[in-house]
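Structural overview for review
Residues per chain, in single letters:
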Amino acid sequence: MAFSRERTLDALARLPFIDAGELVLVLGEPLATVHRALTNLLADNLAQRVSHGTAHLPSSHRYYLTKKGISEASNVLGYDVPSDFVRAYPVSRQWLILLIRRVDAVASIYRLAATLSPGVDGRETQVEFHRRGRFDAVITLHNGRSFGVVRQGLALRRRSLYHRLRAIAEYRYNRRPSVVLVLVPSPWEQRLTVAFRLNVAPQCPML
């Protein structure tokens, strides 16, 4: 599929608060093409951007659809009314507030998705954020392989993380991703999490 205006709107609707470099890898498109498409959306007030950076990720602009952009996307993607589009994509006011409050985690997950596998021949990597439950997100590569992502972060207590990992291990194997990726804030936490997994939840495949 050519990198059309329709595809740009669809990408930002599925992946709010992604930056241009990550979008390049997820979609498998040249940087100049993606940058031009995003610039056009900004000029037409269909998208806006926020600056964001962490100790581990350089500062960048993260893009999201405006109210006008949501209306435009719902139209070009074939939805009868914008409300149907908002239910299908994570672009509601509630979703955007949740994601911006967790933007450090969102950025880490996008960077992980972009690193795991670039898009190939129009087949794209998918990222599905979860409001609650065992995973923060599920990443599905262009070849169909999926990874559950759990991010500890600085605010999540170790006990809470272990409860989640135990729940994942006890979850029916045919209803969970084949591999769980745990993002931890330090090598020390990584060693503790690996030890917990080996001692308590060995049936939880984890990287």
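Our structure's up above, just so we're on the same page.
What comes next concerns the included structure. (Residues numbered from 1 in each chain as written. Predicted model: local features only at pLDDT ≥ 70, side-chain atom pairs only at ≥ 80, totals over all residues. Heavy atoms only, no water.)

For the structure shown, the criterion picks out nine salt bridges. For Arg62, the salt bridge goes to Asp19, with nearest N and O atoms at 3.7 Å. Here the residue Arg62 occupies a position in strand S3 (residues 60-65), and Asp19 occupies one in strand S1 (residues 18-19), the gap between them amounting to 43 residues. Assigned by exposure class, Arg62 and Asp19 land together as buried. Arg102 is the salt-bridge partner of Asp136, the closest N and O atoms lying 3.5 Å from each other. Taken together, the positions of Asp136 in the loop between strand S4 (126-129) and strand S5 (137-140) and Arg102 in the loop between helix H6 (93-101) and helix H7 (103-116) put the pair 34 residues apart, joining distant regions of the chain. (Salt bridge = Lys/Arg side-chain N within 4 Å of Asp/Glu carboxyl O. Helix = DSSP H or I, 4+ residues; strand = E, 2+ residues; numbered from the N terminus. Buried < 20%, exposed > 50% of the residue type's maximum accessible area, 1.4 Å probe, protein only.)

Read across the sheet, three strands follow the order S1-S3-S2 without closing on themselves; strand pairing throughout is antiparallel. Two strands bound the open sheet, and with one partner strand each, they are S1 and strand S2 (47-52). Each of S1, S2 and S3 is contacted by H7, which is oriented at about 100° to S3, the strand it contacts most. (Pairing = 2+ DSSP bridges. Contact = heavy atoms within 4.5 Å. Axes fitted to C-alpha atoms, helices over the stretch in contact; angles between N-to-C directions.)

Turning our eyes to something else, we now look at the packing of aromatic side chains. Considering all chains together, one arrives at five aromatic pairs under this definition. With a centroid separation of 5.3 Å and 40° between ring planes, the pair formed by Phe17 and Tyr64 is classed as tilted. Of this pair, Phe17 sits in the loop between helix H1 (5-14) and S1 while Tyr64 sits in strand S3; the two residues are 47 residues apart in sequence, bridging distant segments of the chain. On the basis of relative accessibility, which here comes to 4%, the residue Phe17 falls in the buried class. Here Tyr79 and Phe85 contribute two aromatic rings whose centre-to-centre distance is 5.5 Å and whose plane-to-plane angle is 75°, an arrangement assigned as edge-to-face. Of the residues examined, Phe85 reaches a relative accessible area of 0% and is grouped as buried. By the ring-pair criterion, three or more aromatic residues cluster together here, those being Tyr79, Phe85 and Tyr89. (Phe/Tyr/Trp six-rings, centres within 6.5 Å; stacked < 30°, edge-to-face > 60°.)

Turning our eyes to something else, we now look at the sheet that holds strand S7 (residues 179-183). Sheets are built from strands that pair by backbone hydrogen bonding, the pairs being arranged parallel or antiparallel. If you walk across this open sheet you meet the four strands as S4-S5-S6-S7, and the pairing is mixed. Bordering the open sheet on either side are S4 and S7, each of which pairs with just one other strand. When strand polarity is set aside, the average angle formed by the axes of neighbouring strands in this sheet is 25°. Judged from the four bridges that link them, S5 and strand S6 (residues 146-151) form a sheet pairing that is antiparallel. Paired with Ala137 across the strands is Val149, a residue of S6.

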